[in-house]
Amino acid sequence: MLIDGVMLLWFILTALSVAFVALDIRATPEHPVMKWAFVLFTAYSGPFGAFLYVLGCREPLPGMHEQYVAARWRQALGSTMHCVAGDGIGILVGAVIGALISLPMGADFALEYVLGFAFGWTIFQALFMGEMFGSYTRALKGTFTSELLSMNCLMGGMLPVSALAFQGNPDAHDPAQPLFWFRMSCALMVGAAFAYPMNWWLVAHHLKHGMLTVRPQGSAMPGMDMSQEKKDKAAASGSAIHAPSPPVWVMALVSFTVLATGVSIAVIFGAGH
């Protein structure tokens, strides 16, 4: 079948892409957690992840990483990759568990959301980026809102794809079959696209970090210029720099609307799951 050939090509390209990013990113002066984020995202998105790494993070010339990643769209890209990488692990674990114990669609989605949010928030955000906040407890508090808004948009985008792609094909919901992983890859890529605008807003208002440059001899996190670093530290400490516009509650409402819309589409049109 055509889909078998497409999947074979996809998994070959994904393996090559992951190998390239994992090897090449070692020479990129990026924060370690962001390096892992790009490797994981490439595992989800294959050649698209490798392309985004080269376009958005890879240092074009020695000493230029700070200037290269300072562009707002690259900062938002780094924030999105970080979100999808961490949340994606929990989402995939939830999808596998849900498939193995034959959870109904609603319960499966809930499990994916809970595990995705829990892993992304407590580990990829609060634990791995704890040095920005001074303690794990403060990191949990400081990253909760940004993780919630981003996760809502990610899930809102991916759930319809997860429910509707290859509908009626039992292999698409069997973790032992390649089609299951291909379906989840497609869903996570669409989810990342939906999460990107929210991460743009979060980065623009210093509620989330973007790319972070780390030089062997220098400061720990000169991801942008010093004024940006001071803003990020102020945000991490809880002191306001300026009131976000639109306000956080409006963007939270937007994120829950995206999530509710995605869930509704998945449930209404994916009833045959």
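Now for a description of the structure that goes with this document. Each chain has its residues counted from 1, running along the sequence as written. Confidence filtering applies because this is a predicted model: local features only for residues at pLDDT of at least 70, side-chain atom pairs given and counted only at 80 or more, and all residues used for totals across whole chains, interfaces and linings. Hydrogens and water molecules were not included; the side-chain quantities draw on all heavy atoms of the structure.

Quick notes on helix H8 (residues 178-204)
Stage number 1. Taking 1.5 Å as the rise per residue, H8 with 27 residues should run 39 Å; its terminal C-alpha atoms sit 39 Å apart, in good agreement.
Stage number 2. One axis is fitted to the seven residues ending at the residue and one to the seven starting there. The bend at that residue is the angle between these axes. Note on conventions: DSSP H or I runs of at least 4 residues are helices, E runs of at least 2 residues are strands, and numbering of each starts at the N terminus. Within H8, the axis deviates most sharply at Tyr-196, by approximately 35°, and proline Pro-197 lies no more than four positions further along.
Stage number 3. Phi turns positive, to about 60°, at His-206, one or two residues after H8. One less than the residue count of a helix, multiplied by 1.5 Å, gives the span that helix is expected to have.

Details of the packing of helix H6 (residues 105-125) against helix H7 (residues 136-164)
Stage number 1. Where H6 contacts H7, the two axes come as close as 8 Å, and the packing angle between them is 145°. For the pair H6 and H7, the crossing hand works out as right-handed. For the pair formed by H6 and H7, the contact residues are Met-105, Phe-109, Glu-112, Tyr-113, Gly-116, Phe-117, Gly-120, Trp-121, Thr-122 and Gln-125 on the first element and Tyr-136, Leu-140, Thr-143, Phe-144, Glu-147, Leu-148, Met-151, Asn-152, Met-155, Met-158, Leu-159 and Ala-163 on the second.
Stage number 2. Only Asp, Glu, Lys and Arg are considered charged, only Ala, Val, Leu, Ile, Met, Phe, Trp, Tyr, Cys and Pro nonpolar, and every remaining residue, Gly among them, polar. Counted by class, the contact of H6 with H7 contains 14 nonpolar, six polar and two charged residues. To obtain each axis, a line is fitted to C-alpha atoms, and for helices this fit is confined to the stretch in contact; angles are then taken between N-to-C directions over 0 to 180 degrees. Take the far helix as your reference; a near helix turned counterclockwise from it by less than a right angle gives a left-handed crossing, and one turned clockwise gives a right-handed crossing. In what follows, residue pairs with any heavy atoms lying within 4.5 Å of each other are defined as contacts.

Brief notes about the nonpolar core
Stage number 1. For the purposes of this section, nonpolar cores are sets of buried Ala, Val, Leu, Ile, Met, Phe, Trp, Tyr and Cys residues that join through side-chain atoms within 4.5 Å. Remark: exposure states derive from per-residue accessible area (1.4 Å probe, protein chains only) relative to the maximum for the residue type, with buried under 20%, exposed over 50%, and partly exposed in between. Phe-38, Ile-91, Leu-149 and Met-155 are the most contacted members of the largest nonpolar core, which has 59 residues in total.
Stage number 2. Taken together, the elements giving at least two residues each to this core come down to helix H2 (32-45), helix H3 (47-56), helix H4 (65-69), helix H5 (72-100), H6, H7, H8 and helix H10 (248-269).
Stage number 3. Tallying contributions element by element places H7 first for this core, with 11 residues.
Stage number 4. The residues touching Leu-149, leaving out its near neighbours within four places in the chain, are Met-198, Trp-201, Leu-202, Met-251, Ala-252 and Ser-255.

Overview of the pattern of salt bridges
Stage number 1. A pair is scored as a salt bridge if a Lys or Arg side-chain nitrogen falls within 4 Å of a carboxyl oxygen belonging to Asp or Glu. With the rule as written, the count across this model stands at three salt bridges.
Stage number 2. Between Arg-215 and Glu-59 there is a salt bridge whose closest N-O contact spans 2.9 Å. Here the residue Arg-215 occupies a position in the loop between H8 and helix H9 (226-237), and Glu-59 occupies one in the loop between H3 and H4, the gap between them amounting to 156 residues. The two residues Arg-215 and Glu-59 agree in class, both being buried.
Stage number 3. Across the pair Glu-66 and Arg-215 runs a salt bridge, and its minimum N-O distance is 2.8 Å. A residue pair is termed long-range when its members are at least 10 positions apart, and Glu-66 in helix H4 and Arg-215 in the loop between H8 and H9 qualify at 149 residues.

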